[in-house]
Amino acid sequence: MQLTVWTYEGPPHVGAMRVATGMRDLHYVLHAPQGDTYADLLFTMIERRDHRPPVTYTTFQARDLGKDTAELFKTAARDAYDRYRPQAMIVGSSCTAELIQDDPHGLSLTMGLDCPVIPLELPSYSRKENWGASETFYQIVRGLADKERKAPPAVGENGPRRPRANLLGPTALGFRHRDDVAEISRLLRDLGIDVNLVAPMTASPADIARIGEADFNICLYPEIAAQACSWLERTFRQKTVKTVPIGVNATREFIAEVCAAAGIPVPDAIDQGRMGWWSRSIDSTYLTGKRVFIFGDGTHAVAAARVASEELGFKVVGLGCYNREFAREVRAAAEKYGVEPLITDDYLAVEDAIEAAAPELVLGTQMERHIAKRLRLPCAVISAPVHVQDFPARHSPQMGFEGANVLFDTWVHPLVMGLEEHLLTMFRDDFEFSDAAGPSHLGHASAAHAPAAHAPVAAEAAPVAEAAAPASVPAEPGGWTDEALAELGKIPFFVRGKARRNTERYAAEHGVTTITRDTLYEAKSHYAR
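In this report, we go over the structure that sits alongside the text. Since we're looking at a predicted model, the values are computed, not measured. (Residues numbered from 1 in each chain as written. Predicted model: local features only at pLDDT ≥ 70, side-chain atom pairs only at ≥ 80, totals over all residues. Heavy atoms only, no water.)

Looking at the secondary structure, you find Thr299 in helix 12 (residues 298–311). A distance of 2.7 Å separates a polar atom in the side chain of Thr299 from a polar atom in the side chain of Glu223. For Thr299, the residues in contact, after removing those within four places along its chain, are Pro222, Glu223, Val244 and Phe326. (Helix = DSSP H or I, 4+ residues; strand = E, 2+ residues; numbered from the N terminus. Polar contact = N/O pair within 3.5 Å; in protein donor to acceptor, adjacent residues only side chain to side chain. Contact = heavy atoms within 4.5 Å.)

Take a look at the structure:
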């Protein structure tokens, strides 16, 4: 186990909480010490849910370890059932409680609770959050699906019936899952397909029982639903739509796969948003070839790389994921783009890779947002883990054609605004931008009588100018003169890091002890050959 300040995934019982919190009339009894109740904050504070997770903790303390902790679990489970009367319960242990081996499932079976009880075996020291969510959903589907329930007549037999699909994978605390479900449900409705159920998010145990009534399943989030979809294929002979509809091209492929599974023709015309139009426009050429580094969960990272390369014309210079279960998919994608795959859950390794790649845009998690801020690089979040600002009140999907519009806004704007920021920085010393400037073409008598609205321009420009120069100047050989730092600050921020590294490397190779303005331009000429 590695001690860390940040972590991409929590323990597997947090994944189980994400499934339980997304569902209705399901309760999770978690054998856990007092401190593990912190997990509630993930949902109430970060996701801004209006109710706490349906989880009862045994909350044993150190002094309880010399007593009968099994009885604590039985009391907590009995009280939870009497209070909430759920349709079903899941029971399990956190990483700490796993060590005392109280067997929550065996204990719950001896209690005679009047509802199905589903055990969770989540090895906390070898698995993590996404795997825990996947295993929990799989066990719920396997335990509650009604295998005797007959599938409805096929389309066209015994009267017309619209095809039905299950949307599987969305959970609580998922990145834009709520909005993705709304967008894909609308898309299916336009195609003439009904949604049988969405699970685990919004589903109840009674809904899970009728999961076999759908004609096919749509695996929206493979990290969560792939295992359950595989079981449903074997048990109910339901096809699985595996294309993840992130980006215009993937959404078109998704529609074709859905229509094939539903046995209906692909529509000739459908609204495909504005991403395709912008990608063909003259404006898009300003950003063609921008270098992008991508890191996140396997599904979102691979999808983002495709959108960046095929639809925005960016150059993928880094690609990786933190969930090792999807290493194969990420390695295949990295080979396609000619980059070395980065499979790690160590954020420091990710930071080193970003710094070495010198990208002009970072697409990642909230960890990469912090890393990019420190490296003064534009960044957009594409994957969990995320913070509160990535759960907007507005509709902001990642999937479907509207999701492609959101990606366009989210990824392009940091680059465009970065150019504007650079222009403000570049002209900050121009006399016309100075507070002491004389009358302007707007007719103001003087800067002293200028409207207050003009003040923020100067106020905002100042921090940019300060940020332009590197924070520290090394005293050893290779140190920078003030003149050289000032010149470095004139280079656009999205390539400034690369320019600094090249200059310092040039100085080291040529025995230059102090980097001057001339050294900077000599290095530029040297590496431009």
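From this point, the narrative continues.
So, about the sheet that holds strand 13 (residues 379–381). One open sheet accounts for five strands, arranged 11-10-9-12-13; its pairing is parallel. Where the open sheet ends on each side, the last strands, each with one partner, are strand 11 (341–343) and strand 13. Strand-to-strand, the axes of this sheet are offset by a mean angle of 15°, without reference to chain direction. As defined by bridge partners, strand 12 (residues 361–364) adjoins strand 13 across three bridges and the pair is classed as parallel. When the sheet's bridge partners are listed, Val362 is paired in strand 13 with Cys379. Strands in contact with helix 13 (residues 327–337) are strand 10 (315–321) and strand 11; relative to strand 10, the strand with the most contacts, it is inclined by about 165°. Helix 14 (residues 347–357) contacts strand 9 (291–296), strand 10, strand 11 and strand 12 of the sheet and is inclined by roughly 170° relative to strand 9. (Pairing = 2+ DSSP bridges. Axes fitted to C-alpha atoms, helices over the stretch in contact; angles between N-to-C directions.)

A few words now on the sheet that holds strand 2 (residues 55–57). Strand order across the open sheet formed by four strands is 2-1-3-4, with parallel pairing between neighbours. At either margin of the open sheet sits one strand with a lone partner, and together these are strand 2 and strand 4 (117–119). The mean angle between the axes of side-by-side strands here comes to 25°, regardless of whether they run parallel or antiparallel. In this structure, strand 1 (residues 26–31) lies alongside strand 3 (residues 88–93), joined through six bridges in parallel fashion. Within strand 3, the residue paired with Tyr28 across the bridge is Ile90.

What follows is about helix 13. Those residues of helix 13 lying buried are Ala327, Val330, Ala333, Ala334 and Tyr337. Seen from one end, helix 13 has its buried residues packed into an arc of 130°, which puts them on one side. For helix 13, the exposed residues set more than 90 degrees away from the buried face come down to Arg328, Glu335 and Lys336. The first or second residue beyond helix 13 is Gly338, which carries a positive phi of 70°. (Buried < 20%, exposed > 50% of the residue type's maximum accessible area, 1.4 Å probe, protein only. Arc of directions from axis to C-beta.)

All right, on to unusual backbone geometry then. Here the residue pair Ala199 and Pro200 is connected by a cis peptide bond, since its omega of 0° sits within 30 degrees of zero. Within the secondary structure, Pro200 is located in the loop between strand 6 (194–199) and helix 8 (205–209). Residue Ala384 is joined to Pro385 through a cis peptide bond whose omega torsion reads 5°. Structurally, Pro385 can be placed in the loop between strand 13 and helix 16 (400–426). Backbone geometry at Arg237 places phi at a positive 60°, although glycine is not the residue there. Of the residues examined, Arg237 reaches a relative accessible area of 66% and is grouped as exposed.

The buried count for strand 1 comes to six of six residues, which makes it a mostly enclosed element. The two faces of strand 1 match: Leu26, Tyr28 and Leu30 on one face and His27, Val29 and His31 on the other face are all buried. Pairing geometry for strand 1 and strand 2, over three bridges, is parallel. Note on strand 2: the bridge partner recorded for Tyr28 is Val55. Taking the sense of rotation as the criterion, the β-α-β connection linking strand 1, helix 2 (residues 40–46) and strand 2 turns out right-handed. (Right-handed = clockwise from strand over helix to strand, strands pointing away.)

This brings us to the packing of helix 6 (residues 129–144) against helix 9 (residues 222–236). Where helix 6 meets helix 9, the closest approach of the two axes is 7 Å, and the angle between their N-to-C directions is 30°. When the axes of helix 6 and helix 9 are compared, the pair comes out roughly parallel. The element helix 6 and its partner helix 9 pack so that their crossing is right-handed. For the pair helix 6 and helix 9, the contacting residues are Asn130, Ala133, Ser134, Glu135, Phe137, Tyr138, Val141 and Arg142 in the first and Glu223, Ile224, Ala225, Gln227, Ala228, Trp231 and Leu232 in the second. (Parallel < 35°, antiparallel > 145°, perpendicular 65-115°, else oblique. Left-handed = near helix turned anticlockwise from the far one by under 90°.)

Formed by 104 residues in total, the largest nonpolar core has its most connected members in Tyr28, Ile218, Ile294, Leu319 and Trp411. Every residue in contact with Tyr28, bar those within four places of it in the chain, is listed here: His13, Ala16, Met17, Ala20, Pro54, Val55, Thr56, Ile90, Val91, Gly92, Leu120 and Leu122. In terms of nonpolar packing, the next biggest core, distinct from the first, is built from 15 residues, Tyr322, Leu342, Ile354 and Ala372 among them. (Core = buried A, V, L, I, M, F, W, Y, C linked by side-chain atoms within 4.5 Å.)

The topology assignment puts Ser383 in the loop between strand 13 and helix 16. Separated by 2.9 Å, the side chain of Ser383 and the backbone nitrogen of Asp297 make a polar contact. Leave out the neighbours within four places in its chain, and Ser383 touches Phe175, Gly296, Asp297, His300, Tyr322, Gly364 and Thr365.

Given 3.6 residues per turn, any residue in an α-helix points the same way as the ones three and four places further on. For helix 7 (residues 177–191), spanning 15 residues, the distance from its first C-alpha to its last is 21 Å, which sits close to the expected 21 Å at 1.5 Å a residue. Among all positions of helix 7, only His177, Asp179, Asp180, Val181, Glu183, Ile184, Ser185, Leu187, Leu188 and Leu191 are buried. Positioned one or two residues after helix 7, Gly192 has a phi angle of 85°, which is positive. (Expected span 1.5 Å × (residues − 1).)

Bringing the pattern of salt bridges into the picture now. This model, assessed by the stated rule, comprises 22 salt bridges. Arg369 is the partner of Asp390 in a salt bridge, and the nearest nitrogen-oxygen pair spans 2.8 Å. One end of the pair, Asp390, is in the loop between strand 13 and helix 16; the other, Arg369, is in helix 15 (residues 366–374), and 21 residues separate them in sequence. Counted as one network, the salt bridges with shared partners bring together Glu253, Arg306, Glu310 and Lys336. (Salt bridge = Lys/Arg side-chain N within 4 Å of Asp/Glu carboxyl O.)

It is worth spelling out the pairing of strand 10 at this point. Summarising burial for strand 10: six of the seven residues are buried, a large majority. Bridge analysis of strand 9 against strand 10 gives six bridges, and the strand direction is parallel. Within strand 10, the position partnered with Val292 by the bridge is Val316. In this region the chain leaves strand 9, passes through helix 12 and returns to the parallel neighbour strand 10; the handedness of that crossover is right-handed.

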